[in-house]
Amino acid sequence: MKILETIGFDLGHGETAVAKAIVESIEPPQMLEINNKKNQITALGWHPKLGYLVGEQALIQAGVTQLAISFKQKPNHDPNYRKTIATFLVTYYQKLQESKQIEGAESSYFYIGCPSGWSVSDRQEYQKLLQETGIPHLNVIPESRAAFMQAKEAGKLEYEKLLASVLIVDIGSSTTDFTLVKSLHEIPLDFGSNTLGASLIDKAIFALTLAKHEQKALLEKVFQEYPHHQARCELACRKAKEDYFSNEQLYSDPQSSARGFESINEQIYFIPQVNKLMMEEILHQPLPELENKSWMQSFSDAVSEAKQKLKKLDTVPKLVLMTGGASRMKFTHQICQQMFPEPETLLRPDAEPERCIALGLARVGRWDLRAAAFQQEVNKLLDSQKLKELIKKHIPELIELLTQPLANNLINNAVRPGVKDWQKNQLRTLVDLETSMKNRAEQWLKSNAAQQIINNQCINWFNNKIQPDLATQTDPICRKFQIPRSSLRFEDSIEPTFVNPELRIGDAILADTVAFIVNVVIGGGTIASIITLILTGHLTWPIALVYGVSVMAAGVELNRKTVQEAIKTNVDIPSWIRSSFMNDKKIEDMCAQIKPELENVFREQLTTNQEAFEQLIEKVEQGLQKALATKVQEAIILIQ
């Protein structure tokens, strides 16, 4: 059955929240409700008649005989822990199904968060434990990833900041985790044993309230015999803490206090109270769980350590993203801002930290599924023959794009300067002219300038021929996943090596082209007419220079071809003849005349050189596949 929805399940040490995202939609995830509330105390109760109860219902339902709260921790082999956390998840799952808020079974994929400080093995063991509940599709991911995704999708992070460095500070009930997200890759900052959770403040309020209670001894006895009463009293302390940090200014007056309330029975009440002076005392008192450091000092040290670790990575975060329910405590903002001052770093506390992770988990789940489907669609294109066929179809147009500029530049860099040197008597014989043009032609065809022309024409070919056809294949994929078409296009720029991987004029093409130039310039046109005049007797005196007067007088009949070669090799035609028979206009006329012929030679040589273009097709296909794969990784972040 197809997966229709992703369920973000934020099973926290203090609170639990659940959100749902529809896989085929880009609409924001929706919070789900248990007991008509979007956030629930992480509590599991047992009632003899009603069975297992969760959240507020477990706390307020009369007759509950067993109660567990704040039971999230690293996976271990304690059977009570394993049973409690599995039962809590199953009960939540059943209630969500019963209320028709989720499809359940094979249609729902659960994404459950864990602290970023947990190791990979901890995460795998936790996932294995939760899978024992029988929920078909379930995955455990770091909560920092969910916080990052929620910030991205909710529009709190600009794309530039997404690609920069973001420090996520997740202050939870049991842990405080620091995660660096750099160029979209997560780097947990491992601090060893992490026990810095806000529940320690709850416990400190509980201890302070109990120490001052008139019936302390009786309460201690009740708590020992009935642990669920102590759990309820600790929750009252948590509520007092949350009330205080939500209205700090109100409780700065010593006469005002944030309060919690729990009734043990009709005669015994547990009423924790907190004002500014009391909270200052609690935050600065040494705690054994923190190696006798205060909560505030421990948090400050942790942020300082995070900064030092980032410094070793040569990183200054552009953004500090704060999440977790305890991030509402204003002094944590102040400490982070002191350690990471503006304008280098911007501080961004989440406006709804108690819902952030659940929403982010649902988004991550949807993103994972859609990103995998997107990757699969592109891979299907890459694995097909379509790219190869597309490139092969446009090879004749590439040849046309190459012939004209190569012919023009060969005339400008080899033919014209060579003939001009001969015209000016800088080259003695026609063989010298032949050698000069041959060397110039070979040198230019192998030069960076020739390669640059090839590069430019290949880029034009790609942009005007390959890109439009490629877009017809990639645009439908982008539309399907609702991302910009430009995500899989190469509209900005393209590396020459990508569309022209070592396409150089081969030796065969080089030899044939140079031979053509020599034959056309020396064997035809004006220079050939000079040789003809000599052979026909109109310029007989140079013959004497070559073979001697006696030979000519004796009437020795010379082989025409031999004489022609002798003239080319030995005759130094006078400069007045050169300038008369090969003036500048005739040079230009000759260049214009041989240009189309030279283009044809290039065209024929390139067309017949199938091996070179087969290699080109293969290499461009490989380059295109590699470049598209890179584009896919860049585009995935845009998928919602």
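Here, the structure is the one placed above.
Nothing here was measured: the structure is a model prediction, and the numbers come from that model.

Of the regular secondary structure elements, the protein holds 25 helices and 18 strands. Pairs at least 24 apart in sequence give 71% of the contacts found in the protein among residues at least 6 apart. For the protein, the accessible surface area stands at approximately 30,300 Å², while carbon and sulfur atoms represent 49% of it.

On to the pattern of salt bridges. Within the structure shown, the criterion is met by 23 salt bridges. Residues Lys72 and Glu143 are paired through a salt bridge, measuring 2.7 Å at the closest nitrogen-oxygen approach. Of this pair, Lys72 sits in the loop between strand 7 (66–69) and helix 2 (79–98) while Glu143 sits in helix 4 (residues 143–153); the two residues are 71 residues apart in sequence, bridging distant segments of the chain. Salt-bridge contacts for Asp368 lead to Arg145; the nearest nitrogen and oxygen are separated by 2.6 Å.

Turning to the nonpolar core, a few remarks are in order. In globular proteins that are soluble, nonpolar side chains generally tend to be buried together. Among the nonpolar cores identified, the biggest contains 55 residues, and Phe374, Ile395 and Leu398 are the most heavily contacted of them. At 12 residues, the largest contribution of residues to this core is made by helix 14 (residues 395–423). Ignoring sequence-local partners within four residues, the contact set of Leu398 consists of Gln457, Cys458, Trp461, Phe613 and Leu616. Judged by nonpolar contacts, the second largest core, of 51 residues, contains Ala204, Leu287, Leu290 and Trp295.

Here we come to the packing of aromatic side chains. Counted under the stated rule, the structure contains 17 aromatic pairs. Taking 6.3 Å as the distance between ring centres and 25 degrees as the angle between the ring planes, the aromatic pair formed by Tyr244 and Tyr251 counts as stacked. Take Tyr244 and Tyr251: they sit in the same class, and that class is buried. Consider the rings of Trp295 and Phe299, whose centres lie 5.8 Å apart with planes at 15 degrees: the pair is stacked. On the criterion of helical spacing, the pair formed by Trp295 and Phe299 is a turn pair, its members being 4 residues apart in helix 10 (residues 295–312). With a relative accessible area of 0%, Phe299 lands in the buried category.

Attention now goes to unusual backbone geometry. Of the consecutive residues Glu342 and Pro343, the connecting peptide bond is found in the cis state with omega at 5 degrees. Considering the arrangement of structural elements, one finds Pro343 in the loop between helix 11 (330–339) and strand 18 (346–349). Within the chain, Asn35 stands out as a residue other than glycine whose phi angle is a positive 55 degrees. By secondary structure assignment, the location of Asn35 is in the loop between strand 3 (30–31) and strand 4 (39–41). The partly exposed category is assigned to Asn35, whose relative accessible area is 30%. Residue Asn292 is not a glycine yet carries a positive backbone phi of 60 degrees. Along the chain, Asn292 turns up in the loop between helix 9 (276–284) and helix 10. Overall, the relative accessible area of 55% leaves Asn292 in the exposed class.

This part covers the pairing of strand 11 (residues 176–182). The element strand 11 is largely enclosed, with a buried count of 6 among its 7 residues. Where strand 10 (residues 165–171) hands over to strand 11, the hairpin turn is made up of 4 residues, counted between the paired strands.

In the contact formed by helix 10 and helix 11, the axes pass within 10 Å of each other and the chain directions differ by 30 degrees. With respect to the hand of their crossing, helix 10 and helix 11 are arranged in right-handed fashion. Contacts between helix 10 and helix 11 involve Trp295, Met296, Phe299, Ser300, Val303, Ser304 and Lys307 from the first element and Phe331, Thr332, Ile335, Cys336 and Met339 from the second. Here the residues of the contact of helix 10 with helix 11 sort into 8 nonpolar, 3 polar and 1 charged.

It is worth spelling out helix 16 (residues 448–480) at this point. The largest bend in helix 16 amounts to roughly 40 degrees and is located at Ile466, with the proline Pro468 lying one to four residues further along. Where helix 16 begins, the side chain of Ser447 points an oxygen toward the backbone nitrogen of Ala449, at a separation of 3.4 Å. After helix 16 finishes, the residue Gln482 shows a positive phi value of roughly 55 degrees.

Strand direction decides the pairing type here: strand 5 (residues 43–47) and strand 6 (residues 51–54), joined by 4 bridges, are antiparallel. Each bridged residue has a counterpart across the sheet, and for His47 the counterpart in strand 6 is Gly51. The hairpin turn running from strand 5 into strand 6, its antiparallel successor, is 3 residues long.

With respect to the secondary-structure elements, Thr6 resides in strand 1 (residues 5–11). Of the polar contacts made by the side chain of Thr6, one reaches the backbone nitrogen of Arg366; its length is 3.5 Å. With sequence-adjacent residues up to four places away left out, Thr6 is seen in contact with Ala19, Lys20, Ala21, Val23, Tyr109, Tyr111, Ala362, Gly365, Arg366 and Leu369.

Ordered in space as 6-5-7, the 3 strands form an open sheet in which the pairing is antiparallel. Strands at the two margins of the open sheet, each flanked by one partner only, are strand 6 and strand 7. Taken pair by pair, the neighbouring strands of this sheet meet at an average axis angle of 15 degrees, ignoring direction. Pairing between strand 5 and strand 7: 4 bridges, direction antiparallel. Paired with Leu44 across the two strands is Ala68, which belongs to strand 7. Here helix 2 sits on the sheet and contacts strand 5, strand 6 and strand 7; the angle it forms with strand 6, its principal contact strand, is near 85 degrees.

This part is about a nonpolar patch on the surface. A grouping of Phe261, Tyr269 and Ile271 is seen on the molecular surface, where their side chains present a nonpolar patch of about 280 Å² in accessible area. Its place among the elements puts Tyr269 in strand 15 (residues 269–270). Note on Tyr269: relative accessible area 36%, which makes it partly exposed.

Here the focus is the side chain of Ser294. The topology assignment puts Ser294 in the loop between helix 9 and helix 10. Filtering out sequence-adjacent residues up to four positions away, Ser294 remains in contact with Leu283, His284, Gln285 and Pro286.

Attention now moves to helix 8 (residues 227–246). The first and last C-alpha atoms of helix 8 sit 29 Å apart over 20 residues, in line with the 28 Å expected at 1.5 Å per residue. Counted residue by residue, helix 8 has 14 buried out of 20 residues, so it is predominantly covered.

This brings us to the environment of Thr87. Summarising the element assignment, Thr87 is placed in helix 2. Thr87 sits in the buried class, given a relative accessible area of 16%. Counting along the chain gives 33 residues from Thr87 to Val54, while the straight-line C-alpha distance between them is 9.8 Å. Looking at Thr87, its side chain comes within polar contact range of the main-chain oxygen of Lys83, at 2.6 Å.

About the cut-offs
Residues numbered from 1 in each chain as written. Predicted model: local features only at pLDDT ≥ 70, side-chain atom pairs only at ≥ 80, totals over all residues. Heavy atoms only, no water. Helix = DSSP H or I, 4+ residues; strand = E, 2+ residues; numbered from the N terminus. Contact = heavy atoms within 4.5 Å. Areas by Shrake-Rupley, 256 points an atom, 1.4 Å probe, with all protein chains shown as cover. Salt bridge = Lys/Arg side-chain N within 4 Å of Asp/Glu carboxyl O. Core = buried A, V, L, I, M, F, W, Y, C linked by side-chain atoms within 4.5 Å. Buried < 20%, exposed > 50% of the residue type's maximum accessible area, 1.4 Å probe, protein only. Phe/Tyr/Trp six-rings, centres within 6.5 Å; stacked < 30°, edge-to-face > 60°. Pairing = 2+ DSSP bridges. Axes fitted to C-alpha atoms, helices over the stretch in contact; angles between N-to-C directions. Left-handed = near helix turned anticlockwise from the far one by under 90°. Nonpolar A, V, L, I, M, F, W, Y, C, P; charged D, E, K, R; others polar. Bend = angle between axes of the 7 residues up to and from the residue. Polar contact = N/O pair within 3.5 Å; in protein donor to acceptor, adjacent residues only side chain to side chain. Patch = residues over 30% accessible without salt bridge, like charges linked within 9 Å, V, L, I, M, F, W, Y side chains within 5 Å. Expected span 1.5 Å × (residues − 1).

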